[in-house]
Amino acid sequence: MSTKTPITVAYGDGIGPEIMTATLNVLEAAGAQLAIEKIEIGEKVYLQGHSAGILPEAWESLRRTKVFLKAPITTPQGGGFKSLNVTTRKMLGLYANIRPTISYHPYVATKHPVMDVVIVRENEEDLYAGIEHQQTDEVVQCLKLISRPGCEKIVRYAFEYARLHNRKKVTCFTKDNIMKLTDGLFHKVFDEIGVEYPDIEKEHWIVDIGAAKLADTPELFDVIVMPNLYGDILSDVAAQIAGSVGLAGSANIGDQCAMFEAIHGSAPRRAGQNLANPSGLLLGAIQMLVHIRQPEVAEKVHNAWLKTIEDGIHTYDIFQEGVSKQKVGTKEFAEAIIARLGQKPEKLKAASYNKEIPAIKINLKEYAPAKKELKGVDVFLSWKKGSAQQLGDQIKSITFGKLKLNMITNRGIKVYPDGLPETFCTDHWRCRYKADNEQNIDYADVIGLLTAVNSQGFEIIKTENLYHLDGQAAFSLGQGQ
Ligand code: NAD
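None of these values were measured; they are calculated from a predicted model. (Residues numbered from 1 in each chain as written. Predicted model: local features only at pLDDT ≥ 70, side-chain atom pairs only at ≥ 80, totals over all residues. Heavy atoms only, no water.)

1. Some details on the domain arrangement of the protein
Just so we agree on the cut-off: In this entry, domain limits derive from an automatic or database-based domain assignment. By definition, residues are in contact when any of their heavy atoms lie within 4.5 Å. Two parts placed together each lose some accessible area under a 1.4 Å probe, and the buried area is that loss summed for both. Within this document, salt bridges are pairs made up of a side-chain nitrogen of Lys or Arg and a carboxyl oxygen of Asp or Glu, the two lying within 4 Å of each other. N or O atoms within 3.5 Å of each other form a polar contact, as long as, within protein, one can give a hydrogen and the other can take it, and as long as residues adjacent in sequence are counted only when both atoms are side-chain atoms. Asp, Glu, Lys and Arg are counted as charged, while Ala, Val, Leu, Ile, Met, Phe, Trp, Tyr, Cys and Pro are counted as nonpolar; the rest, among them Gly, fall into the polar class.
In terms of domain boundaries, the protein breaks down into domain 1 (5-339) and domain 2 (372-473). For domain 1 versus domain 2, the separation of C-alpha centres amounts to 43 Å. In this complex, domain 1 contributes six residues to the contact, which on the side of domain 2 involves eight residues. Overall, the association of domain 1 and domain 2 removes approximately 610 Å² of surface from exposure, summing both partners, and the carbon and sulfur fraction of that is 48%. For the domain 1 face of the interface with domain 2, the top three residues by lost area are Q135, T136 and E138, together amounting to 69%. In this assembly, domain 1 and domain 2 are joined by one salt bridge. Of the charged contacts in the structure, one is a salt bridge between K384 and E138, with a shortest N-O distance of 2.8 Å. Taken together, the connections running from domain 1 to domain 2 amount to six residue pairs in polar contact (both at pLDDT 80 or more). Across the side of domain 1 that touches domain 2, the residue classes tally to one nonpolar, three polar and two charged.

And the structure:
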């Protein structure tokens, strides 16, 4: 008798309970060996006053089973509620989000009959650090954090995934023509690690034109690796142009734990009506079965699902007069899959899960720390008393030790010295202080400068140190500098 694999299951909100019931019914009928621990997450938990949407007992279950099958949840509107999805991914170290999007032409209407793209989305950092502050009356800020280990883990995962799944090409999307340090690091790591995979074709697109190409000619792409925000947006676009967001599942993989889900949300307007398409969650669950080493069951479920799609048994979201044969509800769709367990599709490509595919383990490189030299400081001010010229003329007289005013920017554009009167300015100013001739300073100089600026009545809202790392400037220039 085979032993059951413990997994944690959350039924979620909105359409969640219906699609989870349908999914688990299919899995059970296919012979999946699962010992299910049910946890409560989402709206109810948020509204009981838990701002993370999850209770401590639920974390214990997740850390025990290390495998989470999760239905979508509703995050209540308004401040004070943190996204449970982001929290779970980050708390459990689920750095890789794998989102396959495939078109099922001619059974599901699609603009792109030939589409089979896997988006590998970085899952822990970028703007999803959720570090936001209102800094002045007019300006709010969200910190975009990109780390070298974060880039290395996801980029290497994408290449390993491509190799293990016989994919030919890995494409990287970034916006490093603008964000030269953050997205620039992601691109640089992609180039560095790519060298180790000579068998795989590599390319990089700036995300805007890359996204346009993905929407227009997805057959050009195979595996695409992206920072968190672009991956979030473009995987929805990819799923929708393939046929429906309701058809895409996703795996969130970490070194120790993994979470499987649909990419769509809780679709509250469709809830409780036996309407929703359970396919996204089911396809996520199939990825889970492969992960917990039940590939035969994964293959059986996947092929029965493909046959159901091919037989024209469709939920409302993919139903098409003249193509579909029968419009069914969530429950009946699951029953149709169960009735086809053991069958394979005749026209669509059958699923086949290689039992030998090993789990991907990433070992990070060791680096000697860079030589770090402090060269100056950006002092951010809240100030609304006049023009850039007036601010510059006042603040220029404030110096400390070797530190002198180098320039002032407003929302990144240089406005002093030699700014243009046409440039629109807010109440948020960055005053860059440096020593002449790139001389080093120490932090006591920064503290002295801040004391001097503060004593002149300026409101300092934050500072950023200006470093050189191994002799290279590790900060961006002002636009127009
Ligand atoms: P949504 O994905 O819930 O719905 C978008 C549209 O797609 C709706 O028109 C809906 O009818 C349709 N749709 C989605 N899934 C479907 C399915 N399985 N079958 C048929 N149609 C489907 O996005 P939304 O409306 O922006 O968000 C609703 C709620 O879901 C919000 O509270 C949001 O925070 C949450 N959300 C949760 C997750 C998650 O838990 N992973 C992800 C995204 C959004």
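Following the structure, the description resumes.
2. Section: the pattern of salt bridges
The condition that has to hold: Numbering of helices and strands runs from the N terminus, with a helix taken as a DSSP run of H or I at least four residues long and a strand as a DSSP run of E at least two residues long. Burial classification: accessible surface area is computed with a 1.4 Å probe over protein chains only, and a residue below 20% of its type maximum counts as buried, one above 50% as exposed, and the rest as partly exposed.
Scanning all chains against the criterion turns up 27 salt bridges. The salt bridge partner of R64 is E37, with a shortest N-O separation of 2.8 Å. Of this pair, R64 sits in helix α3 (residues 56-65) while E37 sits in strand β2 (residues 34-39), placing them 27 residues apart in sequence. According to the relative accessible area criterion, E37 is partly exposed, its value standing at 22%. Among the ionic pairs, D311 bridges to R340, the shortest N-O distance being 2.6 Å. Within this pair, whereas D311 is found in the loop between α10 (295-310) and β13 (313-314), its partner R340 is found in the loop between α11 (330-339) and β15 (372-382), the two being separated by 29 residues in sequence.

3. A look at the site of the ligand
Test applied: The nearness test applies per residue and asks whether one of its heavy atoms lies within 4 Å of the molecule or strand. Accessible surface is estimated by sampling points in the Shrake-Rupley manner with a 1.4 Å probe; for residues, cover comes only from the protein chains shown.
Near the ligand, the surroundings consist of 19 residues, among which I73, G265, A267, N277 and Y316 are the closest. Separating an oxygen atom of the ligand from a side-chain N or O atom of K70 is a distance of 3.4 Å. Y316 places a polar side-chain atom, nitrogen or oxygen, 2.9 Å from a nitrogen atom of the ligand. For the ligand, the protein covers 68% of the area, taking 810 Å² as the surface of the free molecule.

4. Some remarks on the side chain of E152
As for its position among the elements, E152 is in helix α5 (residues 148-164). Take E152: its relative accessible area is 5%, and that puts it in the buried class. Separated by 2.7 Å, the side chains of E152 and Y367 make a polar contact. Residues within four places of E152 in sequence aside, it is in contact with V189, I193, L364, K365 and Y367.

5. A look at the environment of R270
With respect to the helices and strands, R270 occurs in the loop between β12 (258-262) and α9 (279-291). In this structure R270 touches I15, E18, L275 and Y316, once residues within four positions along its chain are discounted. In this structure the side chain of R270 is engaged in a polar contact, spanning 2.9 Å, whose partner is the side chain of Y316.

6. Description of the nonpolar core
A general tendency of soluble globular proteins is for nonpolar side chains to be buried together. Operational definition: Nonpolar cores are built from buried Ala, Val, Leu, Ile, Met, Phe, Trp, Tyr and Cys residues. Side-chain atoms within 4.5 Å join them into one set.
Counting 77 residues, the largest nonpolar core has L69, Y157 and W305 as the members making the most contacts within it. Ranked by residues supplied to this core, first place goes to α5 with eight residues. The contact partners of W305, leaving out residues within four places of it in the chain, are Y104, L247, S279, L282, L283, F333 and I337. Formed by 25 residues, the second largest nonpolar core is a distinct cluster that contains W383, A388, I441 and V453.

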